[in-house]
Number of protein chains: 2
Amino acid sequence: MKISKKTDYALRALFTLVQQYSQGRPISIGQLARRNDVPKRFLERIMLEMKVKGWVTSVMGKQGGYVLAKSPEEITVGQVIRHFDGVLSPIGCVSVHQYERCNQEVACRFRRLFLEVRNHTTGLMDAATLARVNDGKPVQPEEVYSMDLIGGAGI
Amino acid sequence: MKISKKTDYALRALFTLVQQYSQGRPISIGQLARRNDVPKRFLERIMLEMKVKGWVTSVMGKQGGYVLAKSPEEITVGQVIRHFDGVLSPIGCVSVHQYERCNQEVACRFRRLFLEVRNHTTGLMDAATLARVNDGKPVQPEEVYSMDLIGGAGI
DNA sequence: CTATGTACGATTCGACAAGTCGTATATTAA
DNA sequence: TTAATATACGACTTGTCGAATCGTACATAG
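None of these values were measured; they are calculated from a predicted model.

Visitor: Can you help me understand the interface of chain B and chain A in this one?
Guide: When the parts of a complex come together, some accessible area is lost, and that lost area is often taken as the interface size. Contact residues are listed per partner, giving 66 residues for chain B and 66 residues for chain A. Between chain B and chain A lies a buried interface of about 6,200 Å² when both sides are counted; carbon and sulfur atoms form 62% of it. At the surface where chain B touches chain A, the tally comes to two salt bridges. For A:Lys2, the salt bridge goes to B:Glu100, with nearest N and O atoms at 2.7 Å.

This is the structure we're talking about:
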């Protein structure tokens, strides 16, 4: 159920670019890697993918680096996850873009549950533009533990 | 973001056992495998794990098989996923049981988003007892496509 | 012309999902 | 008591994928 490191790293880099967006000056991979604690050569691959996607552009040569290619309102976290991790759905039989047929569907009971999870998750992820997320407050440590431990469920 | 086949298969088997629960007669792995379209030898492994967990019990010998060891109200889908897939959280830094520190936390913006997803997902999963899920209606094909295609987002 | 960048294919490395095999052990019906 | 039908369980296979590294080519500002 976890997102990949690649997605994680991509998002870190993107948010750094968002914060740099107003200045218009490119920021090098070396900087991006150091600031976000990401292996440089690995980030290189990731930035390349994002360039192909049209989310960032690069400036070559000395003083070069990367710049956001779209405004932060036009890129959503959902798009990023779908590109790097493939699917948002918890199970293939409730996926729209990567639907996998399952011959148990007619009688399947737990499918509805996963469908609800999928709907809520995609709703949040697709509404989460870089701009909107960047304007939010960071999470406080207590918040991570707040809800679940009461029910005893956790994770 | 997807659950594993193991979890999928485990749930299929569990719901079959739920439906058999009133009769009290064990059902063999062969039957379970055939009814749910799961490789028999693989299901064997899975049932064994669930036995250790205390969710099912086995009766050896001829006429033997598996029976639900608890009432369907006492087992949740959340428990099953956590056991086979490890975590429900989309990212380590918002997990209670498998928290992973990340030195970006103070400034991290997208953490809140994943926290919200986690809270909603665990809420649904932990409220989903086998009994409750089994009483629900199967999903209609249209429902899978209902929400997302309107927004153009999908998956 | 060199220091500092990105571009990009090839490759490694380990972990894990998914599944198979062989054989031991238990129980019951004939 | 034995054949048939079960589970028990460790060992093994196989393929895929995440995560990352390497080498080298190319671009450009100063």
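Structure shown, so let's carry the discussion forward.
Visitor: So what exactly am I meant to see when it comes to the protein's contact with DNA strand C here?
Guide: If you check the shell around DNA strand C, you find 25 residues, and the closest are A:Glu44, A:Lys51, A:Ser58, A:Tyr66 and B:Arg41. Backbone sugar and phosphate groups make up 59% of those atoms of DNA strand C lying within 4 Å of the protein. Among the secondary structure elements, those contributing two or more residues to the surface near DNA strand C are α3 (40-53), β1 (56-59) and β2 (65-68) of chain A together with α1 (5-20) and α3 (40-53) of chain B. Per element, the largest residue contribution to the surface near DNA strand C is five residues, and it comes from α3(A).

Visitor: I would appreciate a short explanation of the relation of the copies chain B and chain A in the present structure.
Guide: There are two copies of the chain, and a rotation about an axis plus a shift along that axis relates them. Mapping chain B onto chain A calls for a screw motion: a turn of 180° about the axis and a shift of 0.0 Å along it, with 0.1 Å RMSD after fitting. These values place the two chain copies in the arrangement generated by a two-fold rotation axis. Interface overlap between copies: 100% of the residues of chain B at the interface are likewise at the interface in chain A, consistent with a symmetric, same-surface contact.

Visitor: How should I be thinking about the protein's contact with DNA strand D in this particular structure?
Guide: Near DNA strand D lie 25 residues; those nearest to it are A:Lys5, A:Arg41, B:Glu44, B:Lys51 and B:Tyr66. Backbone atoms, meaning sugar and phosphate, make up 60% of the atoms of DNA strand D lying within 4 Å of the protein. Interatomic distance of 3.4 Å between a side-chain N/O atom of A:Tyr9 and a phosphate oxygen of DNA strand D. Between DNA strand D and B:Arg45 there is a distance of 3.3 Å, counted from a base nitrogen to a side-chain nitrogen or oxygen. At the level of elements, α1 (5-20) and α3 of chain A together with α3, β1 (56-59) and β2 (65-68) of chain B are the ones that each hand at least two residues to the surface near DNA strand D. Of the residues forming the surface near DNA strand D, the biggest block, five residues, is contributed by α3(B). Of the residues belonging to the surface near DNA strand D, the class tally is nine nonpolar, six polar and 10 charged.

Visitor: Explain empty space enclosed by the protein here, please?
Guide: Any space left empty among the atoms is revealed by the rolling of a water-sized probe across them. Residues and elements named next belong to chain B. Under the counting rule described, the total for this entry stands at two cavities of 30 Å³ or more. There is about 40 Å³ of room inside the second largest cavity. Around the second largest cavity, the lining residues are Leu17, Gln20, Tyr21, Gly24, Arg25, Pro26, Ile27, Tyr66, Val67 and Leu68. When contributions to the lining of the second largest cavity are tallied by element, the ones reaching two or more residues are α1 and β2. Residue contributions to the lining of the second largest cavity peak at three residues, all from β2.

Visitor: Just checking my understanding: could you explain the pattern of salt bridges for this structure?
Guide: Pairing is possible between side chains of opposite charge, provided their charged atoms come close. All names here are of chain B. One pass over the structure, following the stated rule, counts 10 salt bridges over all chains. Of the charged contacts, one joins Arg41 and Glu44 as a salt bridge, the two residues approaching to 3.7 Å between their closest N and O atoms. A residue pair is termed a helical-turn pair when its members lie 3 or 4 positions apart in one helix, as Arg41 and Glu44 do in helix α3 at three residues.

Visitor: I tried to follow unusual backbone geometry on my own but got confused; where do I start?
Guide: Apart from glycine, the bulk of residues carry a negative phi angle, and the bulk of peptide bonds sit in the trans form. Although it is not a glycine, A:Gln63 adopts a positive phi angle of roughly 70°. By the element assignment, A:Gln63 lies in the loop between β1 and β2.

Visitor: Quick question: what am I supposed to make of the domain arrangement of chain A here?
Guide: Residues and elements named next belong to chain A. For chain A, the assigned domains are domain 1 (5-68) and domain 2 (77-136). The distance between the C-alpha centroids of domain 1 and domain 2 comes to 26 Å. Facing the 13 residues of domain 1 at the interface are 10 residues of domain 2. Across the domain 1 to domain 2 interface the summed buried area is about 1,100 Å²; carbon plus sulfur atoms make up 79%. The largest share of the area that domain 1 buries against domain 2 comes from Thr7, Phe15 and Trp55, three residues that together contribute 46% of it. Where domain 1 packs against domain 2, one counts zero salt bridges. Counting only elements with at least two residues in the side of domain 1 that touches domain 2, the list comes to α1 and α3. For the side of domain 1 that touches domain 2, the element with the most residues is α1, which contributes eight residues. Looking at the side of domain 1 that touches domain 2 residue by residue, the class counts come to eight nonpolar, two polar and three charged.

Visitor: Is there a simple way to explain the side chain of A:Asn134 in this structure?
Guide: Along the chain, A:Asn134 falls in helix α6 (residues 130-135). Apart from the residues lying within four places of it in its own chain, the contact partners of A:Asn134 are A:Phe15, A:Val18, A:Gln19 and B:Arg109.

Each value, and the rule that gives it
- Residues numbered from 1 in each chain as written.
- Chains lettered and ligands numbered in written order.
- Predicted model: local features only at pLDDT ≥ 70, side-chain atom pairs only at ≥ 80, totals over all residues.
- Heavy atoms only, no water.
- Contact = heavy atoms within 4.5 Å.
- Buried area = accessible area lost by both parts, 1.4 Å probe.
- Salt bridge = Lys/Arg side-chain N within 4 Å of Asp/Glu carboxyl O.
- Near = heavy atom within 4 Å.
- Helix = DSSP H or I, 4+ residues; strand = E, 2+ residues; numbered from the N terminus.
- Least-squares fit on C-alpha atoms with pLDDT ≥ 70 in both.
- Polar contact = N/O pair within 3.5 Å; in protein donor to acceptor, adjacent residues only side chain to side chain.
- Nonpolar A, V, L, I, M, F, W, Y, C, P; charged D, E, K, R; others polar.
- 1 Å grid on protein atoms, 1.4 Å probe; cavity = no way out; pocket = protein on both sides within 12 Å on 5 of 7 lines; lining within 4 Å.
- Points joined across faces, edges and corners; volume = space filled by probe spheres on them.
- Domains from an automatic or database assignment.

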